[in-house]
Amino acid sequence: MAVYIADGGEGTIVAKITGEIDHHTARWLRMDIDTAIQDRNPKKLLIDFSGVSFMDSSGVGLVMGRYKNMKERGGKVALTNMPDYIEKVMNLAGMDRLLNGR
Amino acid sequence: MKKPQNEMKMSFLSLSENERLARVAIGGFVSSKNPRIDELTDLKTAVSEAVTNCIVHAYRDTVGVIEMTARLTDDCVYIKIRDRGCGIEDVKKAMEPLYTTLPDEERSGLGFSVMESFTDSIAVKSRLGYGTTVVMTKKLRSKI
């Protein structure tokens, strides 16, 4: 499990997560993403799930927390490259509306 | 339930690193049936949610034992996950989508919703001070 932070241009940072997202790993991912938000103060956080091999509802909590964090700073969150099984979990919370910035 | 063709029972401590252990174990257990990838992912996700509930809620501020029993018939898997933790006061309320007692810890309140959506049946029994038992079943529809 790791998260790679990259500059996406126009005030966007891309957080590419790899490996498994569960309650055990979510706390480390949360810390790394929040540090990047604090350091770079982006307008938009794009979370890339292309490297994620498993996710349970802890991933939904991770996205909800970052959404709240970015909203407080006047920013946005978008999700991209979600495999079907991750979208299925996100759909339960209505988080699919964040897919590709919708 | 039909007579099981295979059965396993394991117990492990309520440590968060064991969420993965439980997923890997259930994946290995059903692999003899050549399940579809989506069926396997559904099972792993449901087990992960049940075990996480034991760690986060049942044994909050303590470490206890989680028991997982699985049985396999010709076309169905039965999974029982049991803890002897604090128990749930109101199971019906706990199963409501997005209901959580721990919003500050970024729990989404979707654990039971995921278990319900990703399996064919779920039964939850709980008694305050004695623990909780979750039983889930899922049909394995295809064989290669």
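First, a word on what this report is: a plain description of the structure on this page. (Residues numbered from 1 in each chain as written. Chains lettered and ligands numbered in written order. Predicted model: local features only at pLDDT ≥ 70, side-chain atom pairs only at ≥ 80, totals over all residues. Heavy atoms only, no water.)

## Section: the pairing of strand β4 (residues 76-80) of chain A
Residues and elements named next belong to chain A.
- Among the 5 residues of β4, 4 are classified as buried, and the element is accordingly described as predominantly covered.
- Pairing between strand β3 (residues 44-55) and β4: 5 bridges, direction parallel. Residue pairing in the sheet places Leu-45 in a bridge with Val-77 of β4.
- Running through helix α2 (residues 57-72), the crossover from β3 to the neighbouring parallel element β4 is right-handed. (Buried < 20%, exposed > 50% of the residue type's maximum accessible area, 1.4 Å probe, protein only. Helix = DSSP H or I, 4+ residues; strand = E, 2+ residues; numbered from the N terminus. Pairing = 2+ DSSP bridges. Right-handed = clockwise from strand over helix to strand, strands pointing away.)

## Observations concerning the nonpolar core
- Met-68 and Ile-81 of chain B are the most contacted members of the largest nonpolar core, which totals 33 residues.
- The greatest single-element share of this core, amounting to 8 residues, is contributed by helix α2 (residues 37-58) of chain B.
- Once residues lying within four places of it in the same chain are set aside, the contact partners of Ile-81 of chain B are Val-47, Ala-50, Val-51, Cys-54, Ile-66, Glu-67, Met-68, Thr-132, Thr-133, Val-134 and Met-136 of chain B.
- Counting residues in hydrophobic clusters, the runner-up holds 30 residues, among them Ile-21, Phe-49, Leu-79 and Leu-98 of chain A. (Core = buried A, V, L, I, M, F, W, Y, C linked by side-chain atoms within 4.5 Å. Contact = heavy atoms within 4.5 Å.)

## Examining the interface of chain B and chain A
- Chain B puts 25 residues into the contact, and the matching count from chain A is 22 residues.
- The three residues of chain B that bury the most area against chain A are Arg-23, Glu-106 and Leu-110 of chain B, which together make up 28% of that side's buried surface.
- Along the contact surface separating chain B from chain A lie 4 salt bridges.
- When the shortest N-O distance is used, the salt bridge between Glu-20 of chain A and Arg-23 of chain B registers 2.9 Å.
- Taken together, chain B and chain A are joined by 12 residue pairs in polar contact (both at pLDDT 80 or more).
- Mapped by element, the contributors of at least two residues to the side of chain B that touches chain A are α1 (18-30), α2 and α4 (111-118) of chain B.
- With 9 residues, α2 of chain B is the largest single contributor of residues to the side of chain B that touches chain A.
- Taken together, the residues of the side of chain B that touches chain A sort by class into 6 nonpolar, 9 polar and 10 charged. (Buried area = accessible area lost by both parts, 1.4 Å probe. Salt bridge = Lys/Arg side-chain N within 4 Å of Asp/Glu carboxyl O. Polar contact = N/O pair within 3.5 Å; in protein donor to acceptor, adjacent residues only side chain to side chain. Nonpolar A, V, L, I, M, F, W, Y, C, P; charged D, E, K, R; others polar.)

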